[in-house]
Amino acid sequence: MILERPSVINLKKLQSELDGIVNRPDMDELSELIKMYQLYQAGQKEISTKLENLDSEFQVNYDYNPIHHMESRMKEMQSLLQKAERKGYDLTTKAIEDNIYDIAGIRVITNYIDDIYNVEKLLVDQTDVTLLKRKDYIKNPKDSGYRSLHIVVKVPVFQATGPIDVPVEIQIRTVGMDMWASLEHKLRYKTDANPELVSKYGDRLKGYAEELEQIERGMQGIHKELI
Ligand code: GTP
Ligand code: MG
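Bear in mind that the values here come from a model prediction, so they are computed numbers and not experimental data.

A. Looking closely at the nonpolar core. Ranked by size, the top nonpolar core spans 44 residues in total, and within it Ile-47, Leu-51, Ile-96, Ile-103 and Ile-170 carry the most contacts. Of all the elements in the fold, those that place two or more residues in this core are helix 2 (27–62), strand 2 (67–74), helix 3 (77–87), strand 3 (104–110), helix 5 (113–124), strand 5 (149–159) and strand 6 (162–174). Of the residues forming this core, the biggest block, 11 residues, is contributed by helix 2. Counting residues in hydrophobic clusters, the runner-up holds eight residues, among them Tyr-146, Trp-180, Ala-181 and Leu-212.

B. Layout of the site of ligand 1. Neighbouring ligand 1 are 15 residues; Lys-135, Tyr-137, Lys-142, Ser-144 and Glu-184 lie closest to it. Here an oxygen atom of ligand 1 sits 2.9 Å away from a polar atom, N or O, in the side chain of Lys-83. At 3.1 Å, a backbone N or O of Ala-181 approaches a nitrogen atom of ligand 1. Contact with the protein chains hides 69% of the accessible area of ligand 1, taken as 640 Å² for the molecule alone. The greatest single-element share of the shell around ligand 1, amounting to four residues, is contributed by helix 6 (residues 175–191).

C. View of a positive patch on the surface. Judged by side-chain charge, Arg-86, Lys-87, Lys-133, Lys-135 and Lys-142 come together as a positively charged surface patch. Elements represented by at least two residues in the positive patch include exactly helix 3 and strand 4 (130–136). Relative to the helices and strands, Arg-86 is located in helix 3. We classify Arg-86 as exposed; its relative accessible area is 62%.

D. Representation of helix 2. With 36 residues, helix 2 ought to run about 52 Å at 1.5 Å a step, and its terminal C-alpha atoms sit 52 Å apart, in line with that. One side-chain oxygen at the N-terminal end of helix 2 lies 3.3 Å from the backbone nitrogen of Asp-28; it belongs to Asp-26. Positive backbone phi, at 55 degrees, marks Asp-63, one or two positions downstream of helix 2.

E. Examining the pairing of strand 5 more closely. A large share of strand 5 lies buried, amounting to eight of its 11 residues. Relative to strand 6, strand 5 runs antiparallel, the two sharing 11 bridges. Counted as the bridge partner of Lys-154 is Pro-167 from strand 6. Between strand 5 and strand 6, which pair antiparallel and follow one another directly, the connecting turn spans two residues.

Conventions and cut-offs
- Residues numbered from 1 in each chain as written.
- Chains lettered and ligands numbered in written order.
- Predicted model: local features only at pLDDT ≥ 70, side-chain atom pairs only at ≥ 80, totals over all residues.
- Heavy atoms only, no water.
- Core = buried A, V, L, I, M, F, W, Y, C linked by side-chain atoms within 4.5 Å.
- Buried < 20%, exposed > 50% of the residue type's maximum accessible area, 1.4 Å probe, protein only.
- Helix = DSSP H or I, 4+ residues; strand = E, 2+ residues; numbered from the N terminus.
- Near = heavy atom within 4 Å.
- Polar contact = N/O pair within 3.5 Å; in protein donor to acceptor, adjacent residues only side chain to side chain.
- Areas by Shrake-Rupley, 256 points an atom, 1.4 Å probe, with all protein chains shown as cover.
- Patch = residues over 30% accessible without salt bridge, like charges linked within 9 Å, V, L, I, M, F, W, Y side chains within 5 Å.
- Salt bridge = Lys/Arg side-chain N within 4 Å of Asp/Glu carboxyl O.
- Lys, Arg positive; Asp, Glu negative; His and termini not counted.
- Charge placed at Lys NZ, Arg CZ, Asp CG, Glu CD.
- Expected span 1.5 Å × (residues − 1).
- Pairing = 2+ DSSP bridges.

This is a description of form; function is not addressed.
Laid out in structure tokens, this is it:
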């Protein structure tokens, strides 16, 4: 199952949404950015299909699905430009392509912890997929308690003029890690309005992250004995 959030790639709608951007790109540059979006979206589809195919293969061979579900999203143009501005990059397609790798994103939610690394290996071992970046927040959780495996891969998209490599960011995490991250995200988001909430619940959530890890490892052990 893939849940897709709609993306914005319409020039008119885009212009009206860019009011908050100080150095707004001109029309030509915006057209280039929209072309880039289409390309990145195609890369995202390539990777989604690969992941779906891996999951189906497991289903046939082992009567088991490592992937619980996937979500894919394109970064909104407004937040892309805000990020570029925040990081001090030029607001050009070139500078954005060179520096920002999470324009096309896929979140893969697995059943168990081992599935995360299996999915990663099976994807990255494919001859047309290249690993660009890797952050293992499961081995090294963030201070908040956040756990997930983040990788950026590049995949060729075949255009009329030939293949173009496109980066896609993939966050791979278990159902438990996802549940935790959703709640913690909500807490951080609400913090803008009420900063006491983080000090009230931050430590407790960090503790829950550790407990969840133990529970997930325990359940994985039982699951292994059953297959
Ligand atoms: P950016 O340039 O800001 O993307 O920095 P980065 O590439 O170093 O990002 P990082 O590896 O921290 O991953 C960013 C994404 O991971 C965020 O958009 C969130 O989806 C997720 N994430 C990272 N840290 C946390 C956290 O503490 N809590 C939650 N809920 N999500 C997190
Ligand atoms: Mg990022």
